[in-house]
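Here's the letter readout for the chains.
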Amino acid sequence: MGFSKDNLKGFLLALLSSGFIGASFIIKKKGLQRAAAASGVRAGYGGYSYLLEPLWWLGLITMVVGEVANFIAYAFAPAVLVTPLGALSIIISAVLAHFILKERLHWLGVLGCVMCISGSVIIVIHAPQEHPINNVLEIWSMATQPAFMLYVGSVIVLVFILIFHFVPRCGQTNVLVFTGICSLMGSLSVMSVKALGTALKLTFEGKNQLIYPETWFFMLVVTTCVITQMNYLNKALDTFNTAVVSPIYYVMFTTLAIIASVIMFKDWDDQSGGAIISEICGFIVVLSGTILLHSTKEFERSSSFRGSYMSVSPSLSARLCSGNGDSLKHDENEEESYSEEISLRQELY
């Protein structure tokens, strides 16, 4: 299917976003390493010397630019196209880490990257066209249609059940509880982000949408959902292994966001059955590649600690050889913080 101008803009912005965000992980980690070398105290152990490191701030700015580009992408292209492309930032960070940080990328990780890229290409080729929207009241009409209201009501009920019933009982033992809350709220935040982004785009085009209370309502929903997501994602990362949380969260969040978009914006109404099946297949390939890539990271980490091969970081290898157990623990913590940072990116669209 040919790209409309808006779809092309959204696609390019999503790619730009993935590039900036993927690179920001590497830049910030290099900044953390420099700061730790200068002060002797790592960020994972309470050190804040990285705040004086220009490279860390460069990484932060790069991430902000990427997130802004991703936010704008939702104003031009459907969530079915933009959301799955977020996996490309993980690929970019993995490839850059291989060459810049000398962190070995296992061949299974390469296969995961290829799968993500292949699935993304399939999704892009068969992505639905963005429907033209003239004002925020049209979006409000979509958000208040019975089918989407039923979805919103179901999400709210499930979130309350998870928070008040399952969190006290099995929140610390079942990873699906915290990630389920994050993913459900995330699907609503993506719809609100798209609505808010479209309203701001129309405003910049000369059609002021800030006069409508609906615009401010969408902004309130975005704020509420993002705060809730960050809270429970932090709980998940603090309780469970990052390599487990990341793929589960990505699969659940992306799936629910696409379902919400299909219901609210009717992305699939004008598409053929073959195009829809192709998008679903591409989405499954992306999810499989993401899970494989995360699983490979954990496999390499555990293998290096067992002694199957030396750590991908030369400095860590030297410390392992010298038998410095404290240094090993510090580096493990730094790698975990780096993985958690990539995971936190998932809920920022």
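Residues numbered from 1 in each chain as written. Predicted model: local features only at pLDDT ≥ 70, side-chain atom pairs only at ≥ 80, totals over all residues. Heavy atoms only, no water.

A. Representation of helix H1 (residues 5-39) in the model. Taking 1.5 Å as the rise per residue, H1 with 35 residues should run 51 Å; its terminal C-alpha atoms sit 50 Å apart, in good agreement. Where H1 terminates, the next one or two residues include Gly-40, which has phi positive at roughly 85°. (Helix = DSSP H or I, 4+ residues; strand = E, 2+ residues; numbered from the N terminus. Expected span 1.5 Å × (residues − 1).)

B. Representation of the confidence of the model for the protein within the structure. Of all residues in the protein, 82% have pLDDT values of 70 or greater, and the mean over the chain is 81. Within the model, pLDDT remains below 50 along residues 304-332, and this stretch shows 32 contacts once partners closer than five positions in the same chain are excluded. (pLDDT = per-residue confidence, 0-100. Contact = heavy atoms within 4.5 Å.)

C. Geometry of the layout of surface pockets. Within this model, the second largest pocket holds a volume of roughly 430 Å³. Taken together, 21 residues make up the lining of the second largest pocket; nearest its centre are Val-152, Ile-156, Leu-188, Phe-217 and Val-221. Secondary-structure elements contributing two or more residues to the lining of the second largest pocket are helix H6 (136-143), helix H7 (146-170), helix H8 (175-204) and helix H9 (213-239). When residues of the lining of the second largest pocket are assigned to their parent elements, the largest contribution, seven residues, is made by H7. (1 Å grid on protein atoms, 1.4 Å probe; cavity = no way out; pocket = protein on both sides within 12 Å on 5 of 7 lines; lining within 4 Å. Points joined across faces, edges and corners; volume = space filled by probe spheres on them.)

D. The environment of Ile-227, seen in detail. Secondary-structure assignment places Ile-227 in helix H9. A residue is classified by how much of its surface remains accessible, and Ile-227, at 54% relative accessible area, is exposed. For the pair formed by Ile-227 and Cys-182, sequence separation is 45 residues and the distance between their alpha carbons is 9.9 Å. (Buried < 20%, exposed > 50% of the residue type's maximum accessible area, 1.4 Å probe, protein only.)

E. How the structure looks around the packing of helix H2 (residues 54-76) against H8. For the pair H2 and H8, interaxial distance at closest approach is 7 Å and the crossing angle is 80°. In terms of orientation, H2 lies roughly perpendicular with respect to H8. Residues Phe-71, Tyr-74, Ala-75 and Phe-76 of H2 lie in contact with H8, whose contacting residues are Val-190, Val-193, Lys-194, Leu-196, Gly-197, Thr-198, Leu-200 and Lys-201. In terms of residue class, the contact of H2 with H8 is made up of eight nonpolar, two polar and two charged. (Axes fitted to C-alpha atoms, helices over the stretch in contact; angles between N-to-C directions. Parallel < 35°, antiparallel > 145°, perpendicular 65-115°, else oblique. Nonpolar A, V, L, I, M, F, W, Y, C, P; charged D, E, K, R; others polar.)

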